[in-house]
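As a plain string of letters, each chain reads:
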Amino acid sequence: MIYKVETIKDGTEKYFFIRNLETMSIEELPSKYLMHKIKCKRSPNTVKRTAFSICYYMKYMAEKEMELTEVYQLDYEKQTEHFVEFLYWLKAGNHTEQTAGEKKCPNEGTCNAYLRDVFRFYLFIEEEYQQFGELKVLSYNYFVAVDAVGVKKSIRSKSFKGYLKEEEHKARAAKKDEIVEILKACTNIRDRLLMLLLAETGYRIGEILGIDYSKDIDYQNHIIRVYFREDNENGARAKNAEYRSAKISKDTFGFLNLYIAEYRKLLQHQTSLFVNISGDNIGKPMNVEAVYSMLKRMDKKTG
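Keep in mind that this is a model prediction, so the values were computed, not measured.

Enquirer: So, the overall build of the protein chain: which residues are in play, and what are the values?
Expert: The number of helices and strands found in the protein chain is 10 helices and seven strands. The buried share among the 303 residues of the protein chain stands at 40%. Here the analysis covers contacts within the protein chain between residues at least 6 apart in sequence; of these, 53% occur between residues at least 24 apart. Split by element, the accessible area of the protein chain, about 18000 Å² in all, is 49% carbon and sulfur.

Listed below in structure tokens is the structure:
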């Protein structure tokens, strides 16, 4: 692959940039955009996904032997064809280095999400370097939104007409007996507590991993709060700077206390509720990748 996403960590802040592996130079435009996303307080996971989306697009552009700004010179029809071809290029699994037998092709929704990231990148280029003009394929949509006090506001947004048709979302809420089956398959108290809190509170994984057991838990009233923080060691962050709270059941609260007692020696050195309980990073705050790995293990065990 000619381009690669790389990271540099400065304290708790993680910076993303894209390197050209042929020249070993850092690509200026996309890296400047990724820095802009960080300055706008976007979550590390959002910036990471954006970095890979742009990296895939730059690989596609290299195969086309085109520069980013050349797209502005295409007419409407050619621009549409260019971005639709990118979607099908993604759908065919050409964006990652894989062997023929292991080639994984993303679904339509994932391909569309990558392209949306690319369009946001182009909008940034247009704001920074107005001499390039605007993409012709992005048309304006208007809709009216009503805020909490009933004030109507007309909102204008740009959209693309050539996205792939996405399959209907088939996910559903887990039934009680299914959750019980998953809990039985967990091999330790930490994973059981994590699953219980996800099921009872409805919090996102990033919100759960950002819980500070010394500040965010009302032990008297059995309430767990979510606060927006930018300095979590594991990169966890509440979405859209939201504050939320949820009351947990008596049984789950009892399990929470059992977990804290069981792992008190690991927890006493930091304040994150969920930590790694084994391996090289034992005692360090658990990250999103570790949770997804756990969920995949549960998937294999329970189906």
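Enquirer: Give a description of the pattern of salt bridges that names residues and reports values.
Expert: Throughout the structure, instances matching the rule amount to 12 salt bridges. The closest approach of N and O atoms between Glu128 and Lys32, which form a salt bridge, is 3.1 Å. Of this pair, Glu128 sits in helix α4 (residues 108-128) while Lys32 sits in helix α1 (residues 28-39), placing them 96 residues apart in sequence. Each of the salt bridges in this network shares a partner with another, and the network as a whole consists of Arg49, Asp117 and Arg120.

Enquirer: Residues and numbers for the environment of Glu22, please.
Expert: Considering the arrangement of structural elements, one finds Glu22 in the loop between β2 (13-20) and α1. Taking the C-alpha atoms as reference points, Glu22 and Tyr3, 19 residues apart in sequence, are found 8.2 Å from one another.

Enquirer: Requested: an account of the sheet that holds strand β7 (residues 244-247), with residues and values cited.
Expert: Overall, antiparallel pairing links the three strands, which are arranged β5-β6-β7 in an open sheet. Looking along the sheet, the strands with just one partner apiece sit at the ends: β5 (217-218) and β7. Of the strand pairs in this sheet, β5 and strand β6 (residues 223-226) are connected by two bridges, and their pairing is antiparallel. Opposite Asp218, over in β6, you have Ile223 as the bridge partner.

Enquirer: Which residues make up unusual backbone geometry, and what values go with them?
Expert: Despite not being glycine, Met24 shows a phi value in the positive range, around 65°. Positioned with a positive phi, His222 is a non-glycine residue whose angle comes to about 60°. Secondary-structure assignment places His222 in the loop between β5 and β6.

Enquirer: Tell me what's going on with the packing of α1 against helix α2 (residues 44-64), and back it up with residues and numbers.
Expert: Contact geometry for α1 and α2: axes closest at 10 Å, N-to-C directions at 165°. Considering the angle they form, α1 stands roughly antiparallel to α2. Helix-helix and strand crossings are classified by hand; for α1 and α2 the assignment is right-handed. On the side of α1, the interface is formed by Pro30, Tyr33, Leu34, Lys37 and Ile38, while α2 contributes Val47, Thr50, Ala51, Ile54 and Met58. Taken together, the residues of the contact of α1 with α2 sort by class into eight nonpolar, one polar and one charged.

Enquirer: Outline the packing of aromatic side chains, listing residues and values.
Expert: This structure, assessed with the given rule, holds 24 aromatic pairs. Seen from their ring centres, Phe160 and Tyr163 are 5.4 Å apart, and the 90° between their planes marks the pair as edge-to-face. Looking at Tyr163, the relative accessible area reads 24%, which means it is partly exposed. Positioned above the aromatic ring of Tyr163 is the side chain of Arg116, whose terminal nitrogen or guanidinium carbon lies 4.6 Å from the ring centre.

Enquirer: Give a detailed account of the packing of helix α5 (residues 176-185) against helix α10 (residues 288-302), specifying residues and quantitative values.
Expert: Their axes nearest at 10 Å, the elements α5 and α10 cross at an angle of 105°. Looking at the two axes, α5 sits roughly perpendicular to α10. Residue-level inspection shows Glu181, Ile182 and Ala185 of α5 in contact with α10, the latter providing Met298, Lys301 and Thr302. Classifying every residue of the contact of α5 with α10 gives three nonpolar, one polar and two charged.

Enquirer: Which residues make up the nonpolar core, and what values go with them?
Expert: Judged by nonpolar contacts, the single largest core of 40 residues is most densely connected at Tyr57, Phe83, Tyr122 and Leu135. For this core, the secondary structure elements donating two or more residues are β1 (3-10), β2, α1, α2, α3 (76-91) and α4. With residues near it in sequence (within four places) discarded, Tyr57 still touches Leu68, Val71, His82, Phe83, Phe86, Val118 and Tyr122.

Enquirer: Any details on the side chain of Glu207? Residues and values, ideally.
Expert: Tracing the backbone through its elements, the reader meets Glu207 in helix α7 (residues 205-209). Within the structure, the side chain of Glu207 is placed 2.5 Å from the side chain of Arg244, a separation counted as a polar contact.

Enquirer: So what about α1? Which residues, and what values?
Expert: Helix length check: α1, at 12 residues, gives a terminal C-alpha distance of 16 Å against a target of 16 Å (1.5 Å per residue), a fit within 8%. Every buried residue of α1 is accounted for by Leu29, Pro30, Ser31, Tyr33, Leu34, Lys37 and Ile38. Those residues of α1 hidden inside the fold are in contact with β2, α2 and α4. Of the residues trailing α1, Lys41 is marked for its positive phi of about 65°.

Calculation notes
Residues numbered from 1 in each chain as written. Predicted model: local features only at pLDDT ≥ 70, side-chain atom pairs only at ≥ 80, totals over all residues. Heavy atoms only, no water. Helix = DSSP H or I, 4+ residues; strand = E, 2+ residues; numbered from the N terminus. Buried < 20%, exposed > 50% of the residue type's maximum accessible area, 1.4 Å probe, protein only. Contact = heavy atoms within 4.5 Å. Areas by Shrake-Rupley, 256 points an atom, 1.4 Å probe, with all protein chains shown as cover. Salt bridge = Lys/Arg side-chain N within 4 Å of Asp/Glu carboxyl O. Pairing = 2+ DSSP bridges. Axes fitted to C-alpha atoms, helices over the stretch in contact; angles between N-to-C directions. Parallel < 35°, antiparallel > 145°, perpendicular 65-115°, else oblique. Left-handed = near helix turned anticlockwise from the far one by under 90°. Nonpolar A, V, L, I, M, F, W, Y, C, P; charged D, E, K, R; others polar. Phe/Tyr/Trp six-rings, centres within 6.5 Å; stacked < 30°, edge-to-face > 60°. Lys NZ or Arg CZ within 6 Å of the ring centre and 35° of its normal. Core = buried A, V, L, I, M, F, W, Y, C linked by side-chain atoms within 4.5 Å. Polar contact = N/O pair within 3.5 Å; in protein donor to acceptor, adjacent residues only side chain to side chain. Expected span 1.5 Å × (residues − 1).

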